[in-house]
Amino acid sequence: MLAFQRLLARPLGAAASKTSPAAYACCATRLYATTDSNGARFRQAGLTKENVPRLDKVDSILDFTELSKGKTLDQPKLFPAHRPTEAVMNTVTEIVDTPLTTAEQARLLKKTLVLKRVVNMNGKGKQPSMYALVVVGNGKGLAGYGEGKDEEPSRAIFKATNRAIKNLRFFDRYDDRTISMDIEHKFHATKLELRSRPPGFGCRANHYIHEICRCIGIQDLSGKVRGSRKPMNVIKATFEAFSNQKMPQDIAKMRGKKLADVQSVYYGSH
Amino acid sequence: MPRVYDLCARIQNGFRSRLQTIAIPETKMNLAICSVLYREGFLSSVTRGNHVGPDAQYTPTTNENVATRRLWLSLKYKDNMPTLNQLSVISKPSKKVTFSVNELKSITSGRRAKFIKPLQPGEIAVVNTNRGVLELQEAIKKNVGGEMLCRAS
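Residues numbered from 1 in each chain as written. Chains lettered and ligands numbered in written order. Predicted model: local features only at pLDDT ≥ 70, side-chain atom pairs only at ≥ 80, totals over all residues. Heavy atoms only, no water.

1. Remarks on the pairing of strand S8 (residues 124-129) of chain B
Residues and elements named next belong to chain B.
- Most of S8 sits inside the fold, with 5 of its 6 residues counted as buried.
- The pairing of S8 with strand S10 (residues 146-152) spans 6 bridges and is classified as antiparallel. In the sheet register, Thr129 faces S10, and the bridge partner there is Gly146.
- Judged from the 4 bridges that link them, S8 and strand S9 (residues 132-135) form a sheet pairing that is antiparallel. Note that in S9 the partner of Asn128 across the bridge is Val133.
- Taken together, S8 and the strand that follows it, S9, pair antiparallel across an intervening segment of 2 residues. (Buried < 20%, exposed > 50% of the residue type's maximum accessible area, 1.4 Å probe, protein only. Helix = DSSP H or I, 4+ residues; strand = E, 2+ residues; numbered from the N terminus. Pairing = 2+ DSSP bridges.)

In structure tokens, the structure reads:
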């Protein structure tokens, strides 16, 4: 198709039509490289509307089906070349309830932030299992976290990732790089202080907050975690803090004022 | 006469209990701060009134009815959220905070002055100046400094 379009652009289109395979019309779907009278070579010179290959019809020579079925001297393979799909662990085989396509899901930034061994005491004894907390984001405002527990760490991470993709939500950013106001948030015993910073500052905060900001797409932030620094609670606190942000637009609407963003006009990173 | 923190506490508590109107003692300072809040859009209305309710008609304040005089503020809410979350005192009798115009300007531009945190987007500060009780931005426009009474967010 592309060659056809390229051909249209060339002034030698007239020459191409001269070598149009009207002569080959009998063997309709065959297209060969042709040369015109000037000696210039076209790869698919004969590609016109009439000669577009019918791809639903199988051609005896050009289409290869079952290459040498049983014509080799080798012994037939006893084991199948592909493992059965049930045993494949790495692919996203579970259907996750999101509007994102599988391709988009694969392109998300996934980061396992917490992976620890937890134990459940039963009458039968200690039942160990692995707990995973995964943060997922696309770097453009969408992010979410998910927790998963399973006997095997890889399966726990897989469960957590799926839950994280299901829990994706959009976070508003100022200028697509930082938060709009300084936030102070308390979650259980974790107190967060997050401050917005000018462009080029970087994300200088707790390493869990840093990873979350990378997934959301916040590039400039300064912050401090006071009180408990338990990883699980720091992550949950950050997500809660970002969710409960007050946007300047909403404040202006509530008070009946007009909002004018002077900083982005003068100093914005556009 | 009641200090600034009395007004701050009443207004904050009113917003937290999702009240429609609040009655506060009628003084010049209270009226001035409430009119600043009204102009900034935190309150729906500020009216004079009785201890029972706002005045239907104009009633002058006389020696007989001065004890019952109140200021009625009607509070504003949007989407089940109050317009004012926090009204905190800055200048206290134990530690008075008086700013010059340059210090006021640095507070608005995100730098702290005299251990007072800078203003966030959407925050208001009320300043008592020679030209009256003004909002911080108005004081900068008039090029006057003064005592920082309270901040609202």
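2. Looking at the UniProt feature "domain: S5 DRBM" (unreviewed entry) in chain A
- Look at the UniProt record and you will see "domain: S5 DRBM" (unreviewed entry) annotated at residues 108-171 of chain A.
- Secondary structure across residues 108-171 of chain A divides into 22% helix and 56% strand, with the first and last C-alpha atoms of the span separated by 15 Å. (UniProt positions renumbered as here; feature names shortened; annotations may be inferred.)

3. Considering the sheet that holds strand S3 (residues 70-75) of chain B
Residue and element names in this part refer to chain B.
- The strand order S1-S3-S2 describes an open sheet built from 3 strands, whose pairing is antiparallel. This sheet does not close on itself; its edge strands, each paired only once, are strand S1 (21-25) and strand S2 (43-49). Adjacent strand axes in the sheet meet at a mean angle of 25 degrees, parallel and antiparallel pairs treated alike.
- Against the sheet, helix H2 (residues 28-40) touches S1, S2 and S3, its axis set at about 155 degrees to S2. (Axes fitted to C-alpha atoms, helices over the stretch in contact; angles between N-to-C directions. Contact = heavy atoms within 4.5 Å.)

4. Thoughts on the sheet that holds strand S7 (residues 183-187) of chain A
Residues and elements named next belong to chain A.
- The 4 strands lie next to each other as S7-S8-S10-S9, forming an open sheet whose pairing is mixed. The strands lining the two open edges of the sheet, one partner per strand, are S7 and strand S9 (203-204).
- Sheet topology places S7 next to strand S8 (residues 190-196); 5 bridges connect them, and they run antiparallel. Bridge pairing in S8 links Ile183 to Leu194.

5. Observations concerning the pairing of S3 of chain B
All names here are of chain B.
- In terms of residue burial, S3 counts as a mostly covered element, since 5 of its 6 residues are buried.
- Sheet topology note: the S1/S3 ladder contains 5 bridges and is antiparallel. The residue of S3 that forms the bridge with Ala23 is Trp72.
- Here S2 runs beside S3; their pairing, made up of 6 bridges, is antiparallel. Bridge pairing in S3 places Ser45 opposite Ser74.

6. Looking at the packing of aromatic side chains
- The tally for this structure, following the rule as stated, stands at 4 aromatic pairs over all chains.
- Plain terms: the ring middles of Phe171 of chain A and Phe242 of chain A are 6.3 Å apart, the flat faces sit at 65 degrees to each other, and that makes the pair edge-to-face. Here Phe171 of chain A, found in the loop between strand S6 (169-170) and S7, pairs with Phe242 of chain A, found in helix H6 (residues 231-243); they are 71 residues apart in sequence, far enough to count as distant.
- According to the relative accessible area criterion, Phe242 of chain A is buried, its value standing at 2%.
- Judged by centre distance (5.5 Å) and plane angle (65 degrees), the ring pair of Phe15 of chain B and Tyr77 of chain B falls under edge-to-face. Taken together, the residues span a long stretch of sequence, with Phe15 of chain B in helix H1 (residues 4-16) and Tyr77 of chain B in strand S4 (residues 77-78) at a distance of 62 residues.
- Judged by its relative accessible area of 28%, Tyr77 of chain B falls in the partly exposed class.
- Pairwise contacts between aromatic rings join Tyr145, Phe171, Phe239 and Phe242 of chain A into one cluster. (Phe/Tyr/Trp six-rings, centres within 6.5 Å; stacked < 30°, edge-to-face > 60°.)

7. Considerations on the pattern of salt bridges
Residues and elements named next belong to chain A.
- The final tally for this structure, using the stated rule, is 17 salt bridges over all chains.
- The closest approach of N and O atoms between Glu193 and Arg195, which form a salt bridge, is 3.4 Å.
- By sharing partners, the salt bridges in this structure join Asp150, Glu152, Arg155 and Lys159 into a single network. (Salt bridge = Lys/Arg side-chain N within 4 Å of Asp/Glu carboxyl O.)

8. Some thoughts on the domain arrangement of chain A
Residues and elements named next belong to chain A.
- On domain assignment, one finds that chain A holds domain 1 (90-170) and domain 2 (183-265).
- The centre of domain 1, based on its C-alpha atoms, is set 23 Å off from the matching centre of domain 2.
- For the domain 1 and domain 2 pair, buried surface summed over both sides reaches about 1300 Å², with 73% attributable to carbon and sulfur atoms.
- On the domain 1 side of the interface with domain 2, the three residues burying the most area are Leu109, Leu113 and Tyr145, jointly 33% of the side's total.
- Counting the contacts that link domain 1 with domain 2 gives 1 salt bridge.
- In this structure, Glu147 and Lys236 form a salt bridge, with 3.2 Å as the shortest nitrogen-oxygen distance.
- Between the two partners, domain 1 and domain 2, sit 6 residue pairs in polar contact (both at pLDDT 80 or more).
- Within the side of domain 1 that touches domain 2, the residues separate by chemical class into 10 nonpolar, 5 polar and 5 charged. (Domains from an automatic or database assignment. Buried area = accessible area lost by both parts, 1.4 Å probe. Polar contact = N/O pair within 3.5 Å; in protein donor to acceptor, adjacent residues only side chain to side chain. Nonpolar A, V, L, I, M, F, W, Y, C, P; charged D, E, K, R; others polar.)

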